[in-house]
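Coordinates in review
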Amino acid sequence: MSQQQSPRDVSIDEIPVDIANTQSSDVHASDVPEEIESITRGLAGEQPPTNPIVVLKAARWWYLHGKGGTDPAFQWAIEWARHLATDMPSDVERFDEFLEYLVTVGFADERHELR
């Protein structure tokens, strides 16, 4: 374990996974690590990340700390990674759910502020 990790915070990279708070489904913007927040905001922006590994890093965090497979941020990150890998159009409804979720979590007061 690196010096930043404790027995209850483990991860394969520098972003810790708080075991006690996995799949709590009660995420607040202040709970999100800076790197994951940056990637997540990028996924909501006009020029989302184009590296699927980066996108999957955010997906992993949201899966573990959000609502698991039903978490809208996780679902959108997976949808965007699929789009990057296959060049197939992405699901606009899933994107809208993602933006609504980010407002609920506290990333912005209104959806339009995320774009």
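The structure under discussion appears in the preceding block.
In this report, we go over the structure that sits alongside the text. Everything quoted here is computed from the prediction, not taken from an experiment.

Per the stated rule, a full pass over the model turns up 7 salt bridges. A salt bridge links Glu46 to Arg115; its shortest N-O distance comes to 3.4 Å. Placement of Glu46 in the loop between α1 (34–44) and α2 (52–65) and of Arg115 in the segment after α4 (92–105) is noted, with a sequence separation of 69 residues between them. On the basis of relative accessible area, Glu46 is assigned to the exposed category, the value being 58%. A salt bridge links Asp96 to Arg111; the shortest N-O distance between them is 3.1 Å.

Moving on to the nonpolar core. One finds Val27, Val32, Leu43, Trp62, Phe98, Phe107 and Leu114 to be the most contacted residues of the largest nonpolar core, which totals 26 residues. When residues no more than four places from it in sequence are discounted, the contact partners of Val32 are Val27, Glu37, Trp61, Trp62 and Phe107.

Residues lying three or four places apart along an α-helix face the same way, a consequence of the helix completing one turn every 3.6 residues. Listed as buried for α1 are Ile36, Ile39, Thr40, Gly42, Leu43 and Ala44. Residues of α1 that are buried in the fold lie against α2, α3 (72–86) and α4.

This brings us to the packing of α1 against α4. Where α1 contacts α4, the axes come no closer than 10 Å and their chain directions differ by 135 degrees. Judged by the angle between their axes, α1 and α4 are oblique. As α1 runs across α4, the sense of the crossing is left-handed. Counted together, Thr40, Leu43 and Ala44 of α1 and Phe95, Phe98, Leu99 and Leu102 of α4 form the full contact between these two elements. For the contact of α1 with α4, the per-class residue count stands at 6 nonpolar, 1 polar and no charged.

Here the structure, examined in full by the defined rule, presents 8 aromatic pairs. Judged by centre distance (5.8 Å) and plane angle (70 degrees), the ring pair of Trp62 and Tyr101 falls under edge-to-face. Taken together, the residues span a long stretch of sequence, with Trp62 in helix α2 and Tyr101 in helix α4 at a distance of 39 residues. A network of ring pairs unites the aromatic residues Trp61, Trp62, Tyr101 and Phe107 as a single cluster.

What counts and what doesn't
Residues numbered from 1 in each chain as written. Predicted model: local features only at pLDDT ≥ 70, side-chain atom pairs only at ≥ 80, totals over all residues. Heavy atoms only, no water. Salt bridge = Lys/Arg side-chain N within 4 Å of Asp/Glu carboxyl O. Helix = DSSP H or I, 4+ residues; strand = E, 2+ residues; numbered from the N terminus. Buried < 20%, exposed > 50% of the residue type's maximum accessible area, 1.4 Å probe, protein only. Core = buried A, V, L, I, M, F, W, Y, C linked by side-chain atoms within 4.5 Å. Contact = heavy atoms within 4.5 Å. Axes fitted to C-alpha atoms, helices over the stretch in contact; angles between N-to-C directions. Parallel < 35°, antiparallel > 145°, perpendicular 65-115°, else oblique. Left-handed = near helix turned anticlockwise from the far one by under 90°. Nonpolar A, V, L, I, M, F, W, Y, C, P; charged D, E, K, R; others polar. Phe/Tyr/Trp six-rings, centres within 6.5 Å; stacked < 30°, edge-to-face > 60°.

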